[in-house]
Amino acid sequence: MKWNVHRGDITELEVDAIVNAANKSLLGGGGVDGAIHRAAGPELKEACRKLGGAETGEAKLTEGFDLPADYVIHAVGPVYRDGKHGEAEELENCYRNSIEIAKEKGISSIAFPAISTGIYGYPLEEASEIAIRTVYELTKDDDTIDNVLFVAFDDKTESVLSDKLKKIH
Ligand code: ADP
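Remember, predicted model here, so these are calculated numbers, not experimental data.

S.K.: When you look at the packing of helix α3 (residues 87–105) against helix α4 (residues 124–139) in this model, what are you seeing that I'm missing?
M.R.: Helix-helix packing is characterised by the crossing angle of the two axes and by the distance between the axes. Contact geometry for α3 and α4: axes closest at 9 Å, N-to-C directions at 35°. For the pair α3 and α4, the crossing hand works out as right-handed. Where α3 approaches α4, its residues Ala88, Leu91, Glu92, Tyr95, Arg96, Ile99 and Lys103 are matched on the opposing element by Ala127, Ile130, Ala131, Arg133, Thr134, Val135, Leu138 and Thr139. Its residues assigned to classes, the contact of α3 with α4 shows nine nonpolar, two polar and four charged.

S.K.: What should I look at first to understand the nonpolar core in this one?
M.R.: Side chains of nonpolar character tend, in soluble globular proteins, to be buried together. Among the nonpolar cores identified, the biggest contains 30 residues, and Ile73, Tyr95, Ile110, Phe112, Val135, Val148 and Phe150 are the most heavily contacted of them. Mapped by element, the contributors of at least two residues to this core are β2 (17–22), β4 (71–76), α3, β5 (109–112), α4, β6 (147–152) and α5 (155–168). In this structure, Val148 is in contact with Lys2, Trp3, Asn4, Ile110, Phe112, Val135 and Thr139, ignoring residues within four places of it in sequence.

S.K.: Explain the site of the ligand to me, please; I cannot follow it from the model alone.
M.R.: Taken together, the neighbourhood of the ligand is formed by 17 residues, with Asp9, Val32, Ser116, Gly118 and Ile119 sitting nearest. The side chain of Asp9 places a nitrogen or oxygen atom 2.9 Å from a nitrogen atom of the ligand. In the model, an oxygen atom of the ligand is placed 2.8 Å from a nitrogen or oxygen of the Ser116 main chain. Alone, the ligand offers 560 Å² of accessible surface; in the complex the protein occludes 90% of this. Looking at the shell around the ligand element by element, the count peaks at three residues for helix α1 (residues 31–40). Its residues assigned to classes, the shell around the ligand comprises 10 nonpolar, five polar and two charged.

S.K.: Would you explain the confidence of the model for the protein in this entry?
M.R.: Reading fine detail from the predicted coordinates is not recommended where pLDDT is low. Put simply, the protein has an average pLDDT of 97, and 100% of its residues get 70 or more. Per-element confidence in the protein ranges from a low mean pLDDT of 97 for α5 to a high of 99 for β2.

S.K.: I keep staring at the packing of aromatic side chains and nothing clicks. Help me out?
M.R.: The relative placement of two aromatic rings is captured by the distance of their centres and the angle of their planes. Under the criterion given, the structure shown has four aromatic pairs. Ring plane angle 55° and centroid distance 4.8 Å describe the contact between Trp3 and Tyr136, whose orientation is recorded as tilted. In this pair, Trp3 is assigned in strand β1 (residues 3–7) and Tyr136 in helix α4, connecting sequence segments 133 residues apart. Judged by relative accessible area, Tyr136 falls into the buried class, the value being 15%. Within the aromatic cluster, the residues linked to one another by ring pairs are Tyr95, Phe112 and Phe150.

S.K.: So what exactly am I meant to see when it comes to the sheet that holds β2 here?
M.R.: Backbone hydrogen bonds are what pair the strands of a sheet, in a parallel or an antiparallel way. Here six strands make up an open sheet; going across it, the order is β1-β6-β5-β2-β4-β3 and the pairing mixed. Two strands bound the open sheet, and with one partner strand each, they are β1 and β3 (59–63). Taking the axes of each pair of neighbouring strands and ignoring which way they run, one obtains an average angle of 25° across the sheet. Relative to β5, β2 is paired through two bridges, and the arrangement is parallel.

S.K.: Any chance you could explain a negative patch on the surface here in plain terms?
M.R.: A cluster of acidic side chains, namely Glu43, Glu63, Asp66 and Asp70, defines a negative patch on the protein surface. Its location among the elements puts Glu63 in strand β3. Taking relative accessible area as the criterion, Glu63 reaches 49% and is therefore assigned partly exposed.

Rules behind the numbers
- Residues numbered from 1 in each chain as written.
- Predicted model: local features only at pLDDT ≥ 70, side-chain atom pairs only at ≥ 80, totals over all residues.
- Heavy atoms only, no water.
- Axes fitted to C-alpha atoms, helices over the stretch in contact; angles between N-to-C directions.
- Helix = DSSP H or I, 4+ residues; strand = E, 2+ residues; numbered from the N terminus.
- Left-handed = near helix turned anticlockwise from the far one by under 90°.
- Contact = heavy atoms within 4.5 Å.
- Nonpolar A, V, L, I, M, F, W, Y, C, P; charged D, E, K, R; others polar.
- Core = buried A, V, L, I, M, F, W, Y, C linked by side-chain atoms within 4.5 Å.
- Buried < 20%, exposed > 50% of the residue type's maximum accessible area, 1.4 Å probe, protein only.
- Near = heavy atom within 4 Å.
- Polar contact = N/O pair within 3.5 Å; in protein donor to acceptor, adjacent residues only side chain to side chain.
- Areas by Shrake-Rupley, 256 points an atom, 1.4 Å probe, with all protein chains shown as cover.
- pLDDT = per-residue confidence, 0-100.
- Phe/Tyr/Trp six-rings, centres within 6.5 Å; stacked < 30°, edge-to-face > 60°.
- Pairing = 2+ DSSP bridges.
- Patch = residues over 30% accessible without salt bridge, like charges linked within 9 Å, V, L, I, M, F, W, Y side chains within 5 Å.
- Salt bridge = Lys/Arg side-chain N within 4 Å of Asp/Glu carboxyl O.
- Lys, Arg positive; Asp, Glu negative; His and termini not counted.
- Charge placed at Lys NZ, Arg CZ, Asp CG, Glu CD.

Given below as structure tokens:
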């Protein structure tokens, strides 16, 4: 019961932590970021203000405020240019740093959106491959994290993520 693709709205999930596809300001934006800020309420923005932004690939933690999730891990995905500007490594770092924070906090359930595949333009196949491989490798021997959800908001993302997940375990 460790890794599953979940079709739906990440803001509704009752997990210990949801990951946000944030921008460097960490102050909210469009897509899933906007949805998380709306659902969490204004206190989230206040908490984010204190974090002072983040670099691409970094992740930072806040509480979940009005969300059903206890925590939000804000990860800054790369803006995709042509794949030759370190995008893959930066995307991998988002997942790696999010998992690291989750482990430190003793989080047992965590949900990821498809970071960078919306407004930031990362090709879905490649981004999904990185997401699944990185998270799988870092959680397969871990006793703390026992429920990982890869959240898909649309048909295409659901089918690509499901495909990649089937191939890995
Ligand atoms: P980025 O700027 O990192 O590309 P986006 O928010 O534009 O982030 O898109 C990332 C993914 O999150 C896309 O697959 C998008 O469809 C999805 N998404 C948007 N809103 C939600 C939501 N409420 N729950 C889960 N996923 C969402």
